[in-house]
Amino acid sequence: SSGINAEYGDSKVCIVQAPTMQCRQAPWTRVNHLGNADNYDNQNPNASRIELDLPYFPSGEAKRCVLRIRYNISTGDYNGWKTDASSNNDDDVISNNPTIDVFGDGNGITLALNTAQTGRVFQDRSHIFEILPRTEAMEGKTMYNLNVMGKRGNLEQTVPSTEYDFVPSSLAITTDDLVHVQWTGSNTHNNNNDGNAGEGTDGTDRHNLMQMSGDISGSYPYTIAKASFWNNVESLTDPEATGEDIAIGLASSGHYCAKSGTDTCPASESLDKKKTKMDDKMNNAPASYSGHVLKFKKACSINYLCTRNNSFSNRSQKGTIWVRKSSKAEVKKRAEK
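Asker: Is there a simple way to explain the overall build of the protein in this structure?
Answerer: Check the secondary structure of the protein and you find 3 helices and 17 strands. Expected size for 337 residues packed as a compact globule is a radius of gyration near 20 Å; at 25 Å, the protein overshoots this value by more than 25%. Summarising its shape, the C-alpha atoms of the protein cover approximately 85 × 65 × 45 Å along the three principal directions. Out of the 337 residues belonging to the protein, those deemed buried represent 31%. Taking all contacts inside the protein whose residues are at least 6 apart in sequence as the whole, residues at least 24 apart take part in 61%. Accessible surface, the protein as shown: approximately 22100 Å² in total, 50% of it carbon and sulfur.

See below:
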């Protein structure tokens, strides 16, 4: 668009048209239940979620974005489409904690109907994140964001959130797709001593990702030397990194960025050279990790876990990735885009 700017004179601005707004029916859950839902993607029950495509910016510049989530409450006791604030305090529409003369003798029964809770926004959360430009090797690829959800604490302490887990915990892709493994965390939770159940230093998040030594029902990871899955991947964010370098970074949440250093990993921060060794509970590892954008060389699969938070009988922080070879039709379709 073009126009007159009082400070800069004539100006031209390239405006990226926003994508069509998505409006979807929420997954089905039991009423007032903040647990798992019958998800729209026909997967096993998981916490309510919606999958979104991140916006694309042709400028090639990093962009800060805001995600706003609202949790609305509604009732069937009045017509929500024809009722607005003008009906406040109108008992003919709905009355607060009404007493009903159910026996017809003047002695009523009171309903627990708090009108301050009907038809309102119960939670309104905003999150700021940054979208980085893709490299040339990433152009035209479908990239999946593999990170973590939940918060520190046990089942009771985390309500209405959930305990730590990977998301998505099950991912089926092709060799033409990419996966960005990353996560965020904090060192300063203010849980007032009522949410610190978990491993490591109170008030801190830590995550890592390691190949499991068996099927998803187990609890042990492979050592780096035996974790053969990483021979099947390469990093598009650190092209010089070997499979071993990638495995070391993910296992240490970036405390070590590689075995002995790469173009983007100083040798002083590598496993071989870093003077400060990682604590066995990962207490001195970073809470957040930008990870790697992974490309898969061939069809393969991996079961993986987080060693710190996967606590038998308390919480399961595991996941699976299945990679199949792209078909000729899929490759041709991508090339035509």
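Here the narrative resumes.
Asker: Please explain the pattern of salt bridges as it appears in this structure.
Answerer: Oppositely charged side chains can pair when the atoms bearing their charge come close. Applying the stated criterion across every chain, the model contains 6 salt bridges. Arg152 serves as the salt-bridge partner of Asp202, at 3.8 Å between the closest nitrogen and oxygen. Placement of Asp202 in the loop between strand 12 (178-183) and strand 13 (210-211) and of Arg152 in the loop between strand 9 (143-149) and helix 1 (155-158) is noted, with a sequence separation of 50 residues between them. By relative accessible area, Arg152 is classed as buried at 2%. Salt-bridge contacts for Glu199 lead to Lys281; the nearest nitrogen and oxygen are separated by 2.7 Å. Remark: Lys281 occurs in the loop between helix 2 (243-251) and strand 15 (289-296) and Glu199 occurs in the loop between strand 12 and strand 13; sequence separation between them is 82 residues.

Asker: I'm lost on the environment of Leu54 in this one. Help?
Answerer: With respect to the element layout, Leu54 can be found in the loop between strand 4 (46-47) and strand 5 (63-73). For Leu54, a relative accessible area of 55% puts it in the exposed group. Each C-alpha atom, one on Leu54 and one on Asn145, is 9.7 Å from the other, the two residues being 91 residues apart in sequence. Leaving out residues up to four positions away in the same chain, Leu54 has contacts with Phe129 and Ile131.

Calculation notes
- Residues numbered from 1 in each chain as written.
- Predicted model: local features only at pLDDT ≥ 70, side-chain atom pairs only at ≥ 80, totals over all residues.
- Heavy atoms only, no water.
- Helix = DSSP H or I, 4+ residues; strand = E, 2+ residues; numbered from the N terminus.
- Rg over C-alpha atoms; globule rule 2.2 N^0.38 Å.
- Buried < 20%, exposed > 50% of the residue type's maximum accessible area, 1.4 Å probe, protein only.
- Contact = heavy atoms within 4.5 Å.
- Areas by Shrake-Rupley, 256 points an atom, 1.4 Å probe, with all protein chains shown as cover.
- Salt bridge = Lys/Arg side-chain N within 4 Å of Asp/Glu carboxyl O.

So far we have only geometry, and geometry alone does not tell us how the molecule works.
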